[in-house]
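# Survey of secondary and tertiary structure
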Amino acid sequence: MALVELEGVEKSFPIWERHGRVRRRRRIVRAVDGVSFRIERGTMVGYVGPNGAGKSTTIKMLIGILVPSAGRVSVAGLDPVRRRIDVARRLGVVFGQRSQLWWDLPLQDSFDLLRHIYRVPFGRWRANLDAFVELLDLAPLLATPVRQLSLGQRMRGELTAAMLHDPELLLLDEPTIGLDVVAKARVREFLARVNRERGVTVLLATHDLGDIERLCSRILILDRGRVIYDGELEELKGRYGYERTLIVDLEEPAPPLAVPGARVERVEGPRQWLRFRRDDVSAAELTAAVAERARLLDLAIEEPDVEEIVRRIYVEGMAGEAVTPAT
Amino acid sequence: MAEAAAAFGVYRRLVGARIRSQLQYRLSFALSVTGVALVTFLDFAVILVIFGQIDALAGWSVAEVAFLYAVSSLAFALTDLAIGHLDLLPRMIRKGDLDAMLTRPLGSLFQVVAADFALRRLGRVLQALVVLAVAIALLEIPWTAGRVAMLVVMVVAGAAIFAGVWIAFATIAFWLVDSMEVANAFTYGGSFLGQYPIAIFGAWLRRFVIFVVPIAFVAYFPSLYVLDKPDTLGMPAALQVASPLVGAVSLLAGWLVWQNAVRHYRSTGS
Ligand SMILES: Nc1ncnc2c1ncn2[C@@H]1O[C@H](COP(=O)(O)OP(=O)(O)O)[C@@H](O)[C@H]1O
Ligand SMILES: [Mg+2]
């Protein structure tokens, strides 16, 4: 049995919309509209989609916060609504936009409270805490009240808090939102390690494709409550013209660079945007080619937007066709 | 049993953390406790004003009404101390605090209750205790073991009755955000009604405080027993010792309403 199973899951919210001054009309928002998938133990899956796609709603149903309008949800064979407390013991949850920690207390106190809440044996808790404090460099922050932590520092605390009770499944909802590049890399590195070294199953919901690049081999793309792609990340790249962008800062303004395998999309003074596909040229080759033609000061690589990938899936007319059956 | 002990341990830790942060600012804490005590004395002054005009209220002397007032206030103050922050439920829902609680392996009502402890409202408890002491000194109560026990039991049962009512009405927040005025009408309003002999109410209000929101069991009925007063309404004598049962039923009802409400919880669309 798979650790997570969803079968024909729907969730709709009735909302009241204003029409004029007083009149209101009831409308149903289908946040999740017939989603089915399974996640096997030990795997790491990206749950990707634009804002409003229904990612958070799905995660809340996995936790048992929301009751599905239709369909079946199971986590470790349990119904999260009816067995919420048993499911909670097996889950680690990180919401990027809200804290799971106690705002007024030092970080250390939150960890102590969690030990009692999850009834983690002291030795196990101590060993986990030491490992994560070391891994995430938390020692200097333990005495600081959570409200005084920066977003990146707090997120390191949230990750530790979610892992202290050895969860089987880690659910993350936009864990890198608002973080700078370094902090993002740190979160991703952490997730890769707990998955590899502790065998924790990870479901990572995000609208930032950078989060799953090199992290998740399998990716589910959600749009308007439906899964429009379920498969390998590599295959997605091959099929849908997954174009990355190399942004280069040259020493002085230059005409658009002619580099094989890439096309210049935009020029702004000394800065140029080059679009390329990995199949055609590697980032290293491209950088070398650019350096041959102009003096390079700085560079960055951007993953495509989810919105763009979603659009391409529709344009190629393969939405639905690309969805591999969830069995 | 082990479950209960563990739950109590967690409660103590969570609430302990809240109390520590309240005590960080000692002066403001002392001021707010005194402030609350003074304001609630004004509340009692209303009763004294009424007795300035008349000698007795439906056969109850000023000392007897003070006794009713004190018991009802004390029970209410204890409930307020422990769960008064249920008033903040709409905010907890909006900010996603409730979502965070639902990710943890503990009951949601338990966590909401353990989220705070309004020690600063201790002033209300102090005021109620002072009035109670004065009332008891003025009255010549024919003390027996049963009456002494009932005095303690009625306060605890009264707090349980208020708690059940409070929890049940707080759940309106799951359907309507900014709904606390309705809930407060029942809780604060209920505590106000509990301070008077129900014999002065009209028939409808009387039925309401006996059968619907059972405030009559907080002070009125058990006081008939403690003060050894005849019931001018001629209700069954068993009602005078029914408060613990009514308290238990009230708590259970509040819990059931809560469980049902959480199933309708729709979180926030972030
Ligand atoms: N509690 C709610 N009440 C009403 N509408 C909601 C609620 N939660 C989510 N929605 C709506 O459902 C859709 C999906 O939301 P969400 O699951 O938060 O998407 P995502 O996390 O992918 O951005 C959105 O249109 C959102 O406005
Ligand atoms: Mg979301």
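The structure we're discussing is the one just above.
Residues numbered from 1 in each chain as written. Chains lettered and ligands numbered in written order. Predicted model: local features only at pLDDT ≥ 70, side-chain atom pairs only at ≥ 80, totals over all residues. Heavy atoms only, no water.

## Thoughts on the environment of Asp-112 of chain A
Note that Asp-112 of chain A resides in helix H3 (residues 107-117). Judged by its relative accessible area of 27%, Asp-112 of chain A falls in the partly exposed class. (Helix = DSSP H or I, 4+ residues; strand = E, 2+ residues; numbered from the N terminus. Buried < 20%, exposed > 50% of the residue type's maximum accessible area, 1.4 Å probe, protein only.)

## Comments concerning the packing of helix H2 (residues 26-53) of chain B against helix H7 (residues 122-138) of chain B
Residues and elements named next belong to chain B. In contact at an axis separation of 7 Å, H2 and H7 are set at 45° when each is read in the N-to-C sense. One element, H2, and the other, H7, form an angle in the oblique class. Remark: the crossing between H2 and H7 carries right-handed chirality. Of H7, the residues touching H2 (which contributes Val-33, Val-36, Ala-37, Thr-40, Phe-41 and Phe-44) are Leu-122, Gly-123, Arg-124, Leu-126, Gln-127, Val-130 and Val-131. Looking at the contact of H2 with H7, its residues break down into 9 nonpolar, 3 polar and 1 charged. (Axes fitted to C-alpha atoms, helices over the stretch in contact; angles between N-to-C directions. Parallel < 35°, antiparallel > 145°, perpendicular 65-115°, else oblique. Left-handed = near helix turned anticlockwise from the far one by under 90°. Contact = heavy atoms within 4.5 Å. Nonpolar A, V, L, I, M, F, W, Y, C, P; charged D, E, K, R; others polar.)

## Things to note about the interface of chain B and chain A
Counting from both sides, the interface comprises 26 residues of chain B and, opposite them, 31 residues of chain A. In total, about 2500 Å² of surface goes out of reach between chain B and chain A, with carbon and sulfur atoms giving 55% of it. For chain B, the biggest contributors to the area lost against chain A are Thr-103, Arg-104 and Pro-105 of chain B; these three give 26% of the whole. Counting across the interface, chain B meets chain A through 3 salt bridges. Note that Asp-104 of chain A and Arg-18 of chain B form a salt bridge whose closest N and O atoms lie 3.2 Å from each other. Applying the counting criterion to the chain B and chain A interface returns 10 residue pairs in polar contact (both at pLDDT 80 or more). Breaking the side of chain B that touches chain A down by element, the ones donating at least two residues are helix H1 (2-23) and helix H5 (97-102) of chain B. It is H1 of chain B that contributes the most residues to the side of chain B that touches chain A, 8 residues altogether. (Buried area = accessible area lost by both parts, 1.4 Å probe. Salt bridge = Lys/Arg side-chain N within 4 Å of Asp/Glu carboxyl O. Polar contact = N/O pair within 3.5 Å; in protein donor to acceptor, adjacent residues only side chain to side chain.)

## Things to note about the packing of aromatic side chains
Inspection of every chain in the model, using the stated rule, returns 12 aromatic pairs over all chains. Centroid distance Tyr-220 of chain B to Phe-221 of chain B: 5.3 Å. Interplanar angle 70°. Geometry classified as edge-to-face. Residue Phe-221 of chain B is classed as buried on the basis of its relative accessible area, which comes to 0%. Here a set of aromatic residues connected by ring pairs shows up, and it is made of Trp-60, Phe-217, Tyr-220 and Phe-221 of chain B. If you follow Arg-115 of chain A out to its NZ or CZ, it ends over the ring of Trp-125 of chain A, 5.2 Å from the centre. One residue, Arg-266 of chain A, lies across the ring of Trp-273 of chain A, its end atom 4.0 Å from the ring centre. (Phe/Tyr/Trp six-rings, centres within 6.5 Å; stacked < 30°, edge-to-face > 60°. Lys NZ or Arg CZ within 6 Å of the ring centre and 35° of its normal.)

## Concerning the sheet that holds strand E10 (residues 243-250) of chain A
All names here are of chain A. Here we have 4 strands laid out as an open sheet, ordered E11-E12-E10-E13, and antiparallel in their pairing. Because the sheet does not close on itself, it has two edges, and the strands there are strand E11 (262-268) and strand E13 (296-302). On average, each strand axis in the sheet is inclined to that of its neighbour by 25°, with strand direction left out of account. Judged from the 7 bridges that link them, E10 and strand E12 (residues 271-277) form a sheet pairing that is antiparallel. For Ile-247, the partnering residue across the bridge sits in E12 and is Trp-273. Against the sheet, helix H8 (residues 283-293) touches E10, E11, E12 and E13, its axis set at about 30° to E10. (Pairing = 2+ DSSP bridges.)

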